[in-house]
Amino acid sequence: MEMETAEVSGEKKKKKGIVVLLIGPPGSGKSTFCDSVMKSPQRPWSRICQDIINKGKAGNKAQCLKMAIESLKEGKSVFIDRCNLDRDQRSDFINLLGGGPHVDQVHAVVLEIPAQVCISRSVKRTGHEGNLQGGRAAAVVNKMLQSKELPTLNEGFSRIMFCYSDADVDNAVKTYTMLGPMDTLPSGSFGLKHSDTKSQQPGIMKFFKKVSALPASSSSSNEKAATTPEANEKIEDVRVSPAKLGSVVPTLAFPSISTADFQFDLDKASDIIVETAEEFLPKLGSARLALVDLSHGSKILSLVNAKASRKNIDLERFFTFVGDITKLHSQGGLHCNVIANAANWRLKPGGGGVNAAIFKAGGPDLEAGTRARANTLVPGKAVVVPLPSTCPLRNAEGITHVIHVLGPNMNPNRPNCLNKDYTKGCKILREAYTSLFGGFLSTVEDQSKLPKRNNQATMSDSGAEDSERNKKYKGTQDKASTNNMESGDIGKKMSKGWRSWALALHVIAMHPERHENIVLESSDHIVVINDQYPKARKHVLVLARQEGVDGLEDVRREHIQLLEEMHNVGMKWIKRFQEEDASLIFRLGYHSVPSMRQLHLHVISQDFESDHLKNKKHWNSFTTSFFRDSVDVLEEVKSQGKANVESEDVLKGELRCNRCRSVHPNIPKLKSHIRTCPSQFPDHLLQSNRLLVRPETSN
DNA sequence: GTTCTAGAAC
DNA sequence: GTTCTAGAAC
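The rules behind each value
- Residues numbered from 1 in each chain as written.
- Chains lettered and ligands numbered in written order.
- Predicted model: local features only at pLDDT ≥ 70, side-chain atom pairs only at ≥ 80, totals over all residues.
- Heavy atoms only, no water.
- UniProt positions renumbered as here; feature names shortened; annotations may be inferred.
- Near = heavy atom within 4 Å.
- Nonpolar A, V, L, I, M, F, W, Y, C, P; charged D, E, K, R; others polar.
- Helix = DSSP H or I, 4+ residues; strand = E, 2+ residues; numbered from the N terminus.
- Core = buried A, V, L, I, M, F, W, Y, C linked by side-chain atoms within 4.5 Å.
- Buried < 20%, exposed > 50% of the residue type's maximum accessible area, 1.4 Å probe, protein only.
- Contact = heavy atoms within 4.5 Å.
- Polar contact = N/O pair within 3.5 Å; in protein donor to acceptor, adjacent residues only side chain to side chain.
- 1 Å grid on protein atoms, 1.4 Å probe; cavity = no way out; pocket = protein on both sides within 12 Å on 5 of 7 lines; lining within 4 Å.
- Points joined across faces, edges and corners; volume = space filled by probe spheres on them.

- Going by an unreviewed UniProt entry, chain A carries the name Transcription factor bHLH140 and comes from Eruca vesicaria subsp. sativa.
- Taken from UniProt, the Subcellular location (unreviewed entry) comment for chain A reads in full: "Nucleus".

Spelled out as structure tokens, the structure:
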């Protein structure tokens, strides 16, 4: 296509216009830039804004071109105020206008403003001409940035100015404001930030780089150098393909938990996301958190962006991203090594949404890996699943771990609905993010990018920093959030808010290698330790290692094998103890409601000779129906799918001798009685091997 | 879970 | 006055 072909050579230095393409996503400040220049310009300017070109409404590229030509004919210079992010978008303006008779030079002004800033500006402005506001903003900005290509001189620009900071923008505004009718500007590219990374990053990542890294003056200080060939090369350097991305920075990509199918209030959820992220960022070193949503109308992303931008959060390390969480690297150019899954409680594929997508992308490896770690998940908890090298998610996307996390449900059509109880709901959601970020933190630590934290770091504890041993750990959650009234499959104790001191066993079960000094025995499924406060001459615990089985109430048919292994290991220890002392008599069982997290089997001799047995609760927890014999638990789980549990009320009952059942007024008197009680044990204990007496001896 | 301690029980 | 428990604090 050609413009007019007159006056080719004649009066070159006559009044010719300059075409300036603004380049930047919505919210980067293109319109503001034009307005600033046009306040008191030294030459006439026309702003060609695609957002309003069509009688105040958005128009198209052709309309922009047409209007630009008209303005140029009138002797004006023009600002092309549209995003112009990729090369294709720019080429017509460069070729058609730049080659025309009224144009002297074509420039680019690149507004390299952090994506977060652009998004939050876009969200805030309600009267923006492009009608880009509210929830769509984040989505649109992210989408656009994915196709972004930085301009190069060989596209046909005679001059490019890169602006990374307000100071850069001011400087550029000044440059164009001062430009007289007959002036031209030096050719070349100016202010391009050093591509400082060895592993080059795609355009989108550039937007997350620290703005302050660029000295404000650099955009104008080295104009001479910028016209050299090296300057052009520099620009080319920045245009990289996402495939070249290295996995330098540990990054967790996570979907918004509970806000889709579980219908959790978006405003409350966004507060929790931002607050929990804020809490975790300092612990994460250089690692990053990215909230991801597939939807281009994501309200949650814009809420989170808006809230994050109001806080003092490092927006390079906490940001939002629009894309398919299973294809962030291949399609979005965002490299994450860990992704979170908004799982269902069964930890099974299906159900649509993120869960279905992630299980599909992870294939059998993910399912097997998940099953090896846990069978179910309760709301508020997370489980980290490492991916083997055969897993497609790992190969194609560089994902090394998937963290399943289950949030609270507010949808009456789903199990365990909280019926709009947001006191409970918020608590569980906060716990869910804490578990998730804690899980991510553990993967970061495991790659020894960070010094290890103290060993009680667990996924449900919000990172207690206590170090003094004997003080135990500060409580970080109160225990009030126990039973919701639903009778769903998960059980009554939907989300037990474990006090930090109650996590010790869980930590040991998850990381026996960190507790070699106290671990007596361990396998893939169990760990054996001495009870720290033995209530009898012999008292050991067999801990289940499987995540998500906190106590007897969580036990289901799928745990039968685990229960059998625990039982057998317990029996082995009894045998060992009885070989040392044949008079020892044992019981093997579980507390109905454990005080400490992680299913643990008590192996305890029936003498109860211990200074640590001090109160009624201690005694009754081992000698009433609160103590569930392992044989009975196994039988019940096999026959009815779960074990019966006794109420904690029985712990307050009277103090009865475990042999003769006589009642005693207090613990000292009881203890003195049991030292010499001559009676046989009650019948029910003598049956079914509940009481484990050494075969050779009697009673 | 334990520790600490006020005050009940004796 | 001493022992012991129960509840709060951790």
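Here the narrative resumes.
## Let's talk about the protein's contact with DNA strand C
Turning to step 1, where the next piece is worked out: Around DNA strand C sit Trp501, Asn666, Ile667 and Pro668, and those are all the residues in its vicinity.
Turning to step 2, where the next piece is worked out: Counting only the atoms of DNA strand C within 4 Å of the protein, the fraction contributed by sugar and phosphate is 82%.
Turning to step 3, where the next piece is worked out: Here the residues of the surface near DNA strand C are counted per class, giving 3 nonpolar, 1 polar and no charged.

## Re unusual backbone geometry
Backbone geometry follows two general trends: most residues other than glycine have a negative phi, and most peptide bonds adopt the trans configuration.
Turning to step 1, where the next piece is worked out: If you check the backbone angles, asparagine 84 has positive phi at about 50° while not being a glycine.
Turning to step 2, where the next piece is worked out: The topology assignment puts asparagine 84 in the loop between strand E3 (77-81) and helix H3 (87-98).
Turning to step 3, where the next piece is worked out: In this model, leucine 347 sits at a positive phi of 55°, which is unusual for a non-glycine residue.

## Let's talk about the nonpolar core
Turning to step 1, where the next piece is worked out: Ranked by size, the top nonpolar core spans 41 residues in total, and within it Phe254, Leu289 and Phe318 carry the most contacts.
Turning to step 2, where the next piece is worked out: Here this core takes 11 residues from helix H16 (residues 422-446), the largest share from any one element.
Turning to step 3, where the next piece is worked out: Core analysis: the second largest hydrophobic core is formed by 29 residues, Ile23, Leu96, Val110 and Tyr164 among them.

## Digging into the environment of histidine 602
Turning to step 1, where the next piece is worked out: Along the chain, the position of histidine 602 falls in strand E17 (residues 600-605).
Turning to step 2, where the next piece is worked out: Accessibility expressed as a relative area gives 4% for histidine 602, which makes it buried.
Turning to step 3, where the next piece is worked out: Counting along the chain gives 59 residues from histidine 602 to leucine 543, while the straight-line C-alpha distance between them is 9.0 Å.
Turning to step 4, where the next piece is worked out: With residues near it in sequence (within four places) discarded, histidine 602 still touches Asp531, His539, Val540, Leu541, Arg587, Leu588, Gly589, His591, Phe622 and Phe627.
Turning to step 5, where the next piece is worked out: Within the structure, histidine 602 has its side chain in polar contact with the side chain of histidine 591 (distance 3.4 Å).

## Notes on the layout of surface pockets
To find leftover empty space, one rolls a probe the size of a water molecule over the atoms.
Turning to step 1, where the next piece is worked out: Roughly 940 Å³ of internal volume is contained in the second largest pocket.
Turning to step 2, where the next piece is worked out: What lines the second largest pocket is a set of 44 residues, among which Ala260, Asp261, Ala342, Gly352 and Val354 lie closest to the centre.
Turning to step 3, where the next piece is worked out: Where the lining of the second largest pocket is concerned, the elements lending two or more residues are strand E8 (288-293), helix H12 (299-310) and helix H14 (353-373).
Turning to step 4, where the next piece is worked out: Here the lining of the second largest pocket takes 4 residues from H14, the largest share from any one element.
Turning to step 5, where the next piece is worked out: Across the lining of the second largest pocket, the residue classes break down as 21 nonpolar, 16 polar and 7 charged.

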